[in-house]
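Survey of secondary and tertiary structure
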Amino acid sequence: MNIPFLNFEPMHSAIKTEMQKAFKEVYDSYWYVMGQQLIKFEEAYSRFNEVKCTVGVSNGLDALHLALKALGVGPDDEVIVPSNTYIATALAVSYVGATPVFVEPNSSTYNIEPANIEAAITSKTKAIMPVHLYGQACDMVTIMNIAQKHGLFVVEDNAQAHGATFAGKVTGSWGHANGTSFYPGKNLGALGDGGAVTTNNIAVAEQVRILRNYGSKIKYSNEIIGHNMRLDELQAAFLNVKLEYLKEWTAQRQQIAEWYNEELEGIDGLVLPYVHPDATHVCHLYVIRTKERANLQKFLNDKGIGTLIHYPIPPHLQKAYAKLGYKKGDFPIAEDLAETSLSLPIWPGMKQEDVKLIRTIIKQFFH
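The protein chain has the name Aminotransferase in an unreviewed UniProt entry, where Pontibacter korlensis is given as its organism. What the UniProt record of the protein chain gives under Sequence similarities (unreviewed entry) is the line "Belongs to the DegT/DnrJ/EryC1 family."

For the rest of this paragraph, the subject is the environment of I128. Looking at the element boundaries, I128 is found in strand β4 (residues 125-128). When its relative accessible area of 0% is taken as the criterion, I128 is described as buried. Residues I128 and P82, spaced 46 residues apart in sequence, show a C-alpha to C-alpha distance of 9.2 Å. For I128, the contacting residues outside a window of four places in its chain are I80, I117, I143, I146, A147, L152, F153, V154 and V155.

The subject of this paragraph is the pairing of β4. Where strand β2 (residues 78-82) lies against β4, three bridges are found, and the strand directions are parallel. From the neighbouring strand, V79 faces β4, where its bridge partner is A127. Pairing geometry for β4 and strand β5 (residues 153-154), over two bridges, is parallel. By the bridge assignment for β5, A127 is matched with F153. With helix α7 (residues 140-150) bridging β4 and the parallel β5, this β-α-β connection has right-handed handedness.

Bringing the environment of P75 into the picture now. You can see P75 is positioned in the loop between α4 (60-70) and β2. Since its relative accessible area comes to 60%, P75 is described here as exposed. Taking the C-alpha atoms as reference, P75 lies 9.7 Å from V93; in sequence the two are 18 residues apart. Once you skip the residues sitting within four places of it in the chain, P75 turns out to touch V96, G97 and A98.

With respect to topology, four strands assemble into an open sheet ordered β3-β2-β4-β5, the strand pairing being parallel. Each of the sheet's edge strands pairs with one partner strand only, and the pair in question is β3 (99-103) and β5. Two elements, β2 and β3, share five bridges in a ladder whose sense is parallel. Within the sheet, the bridge partner assigned to E78 lies in β3 and is T99. In the packing of helix α5 (residues 88-95) onto the sheet, the strands contacted are β2 and β3, and the crossing angle to β3 comes to about 150°.

What follows is about the sheet that holds strand β1 (residues 53-57). Here three strands make up an open sheet; going across it, the order is β1-β9-β8 and the pairing antiparallel. Each edge of the open sheet carries a strand with a single partner, namely β1 and β8 (178-181). Across the sheet, the mean angle separating the axes of adjacent strands is 25° when strand polarity is ignored. In this structure, β8 lies alongside strand β9 (residues 195-199), joined through four bridges in antiparallel fashion. Paired with N178 across the strands is T198, a residue of β9. Its contacts with the sheet place helix α3 (residues 36-49) against β1, β8 and β9, and it is angled at close to 130° to β1. The strands touched by helix α8 (residues 202-212) are β1 and β9; relative to β1, the strand with the most contacts, the crossing angle is about 15°.

Scoring rules and cut-offs
Residues numbered from 1 in each chain as written. Predicted model: local features only at pLDDT ≥ 70, side-chain atom pairs only at ≥ 80, totals over all residues. Heavy atoms only, no water. UniProt positions renumbered as here; feature names shortened; annotations may be inferred. Helix = DSSP H or I, 4+ residues; strand = E, 2+ residues; numbered from the N terminus. Buried < 20%, exposed > 50% of the residue type's maximum accessible area, 1.4 Å probe, protein only. Contact = heavy atoms within 4.5 Å. Pairing = 2+ DSSP bridges. Right-handed = clockwise from strand over helix to strand, strands pointing away. Axes fitted to C-alpha atoms, helices over the stretch in contact; angles between N-to-C directions.

And the structure:
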């Protein structure tokens, strides 16, 4: 049997007629950028994410970039980011001319450890950028308290956690401005690139709207130096359809994760995901850990089971950030996660039999 790491077919085949209708509506409207589909999606996502404003943009990285820029983060500033994250988190900081300052994650949740944040704050610190990694919400209560104490902005990287909560409040609604991604593989994915900035600050949202559209509020009148970072009508239309199914798909992901937990519990040499008692997890990824990662991945691949590594090289060891002067050993928790983490298949439409087969193969490997 072949079980791919990600399979869009069950999810997309069920909504094919609705997606084709959405395409036809956009095609026949003769209006393809900054139109009614975008407005409709921004309003719908604001309701879903429990914020006053959503601003659709070109992708998740651009969302983080514009969020920071709209808050006035720039050269000579520092932004605290987790040492265990995809490099886009750090790139957004670099794009505004600021410096990413890495902080170790919690070794159980893999999210940024609030207890390590205050030690990293300096006179140059302007913001904290927590990442709700793999779909689990960070400890936003503590992070917001630290930010308030030190007068810092919070920009959530919510690309992997649509609909997750901490202490009952949804991710992407805590920070001063937050970025999310609608890359096809996300829990809410477009059929191409897409992203959004979410915020409860109307003035910040307006600034992002101007920045995403060449620095212009009125056509051909450019107030500031802006960008071309807009979410197009077609992707907005597709997202309007898929947003209606997101809670259902999230429930399926959570059920699959429960099956994994039941089937894999007790296997020596395997560390299963841990969820903070005040957090919810929308299971964007199901990540196990083992010191036998390379051999296990090959064994699974040889049996037709797809896996991925999120992420094999932490940002501080990437060549792109060599100028910051970090070396191996500077962030041992992030480095250990990079060397031991393995993501198993999880997607709406997976069957319990799929999980049982994966369990059987993993047990074969360890025994």
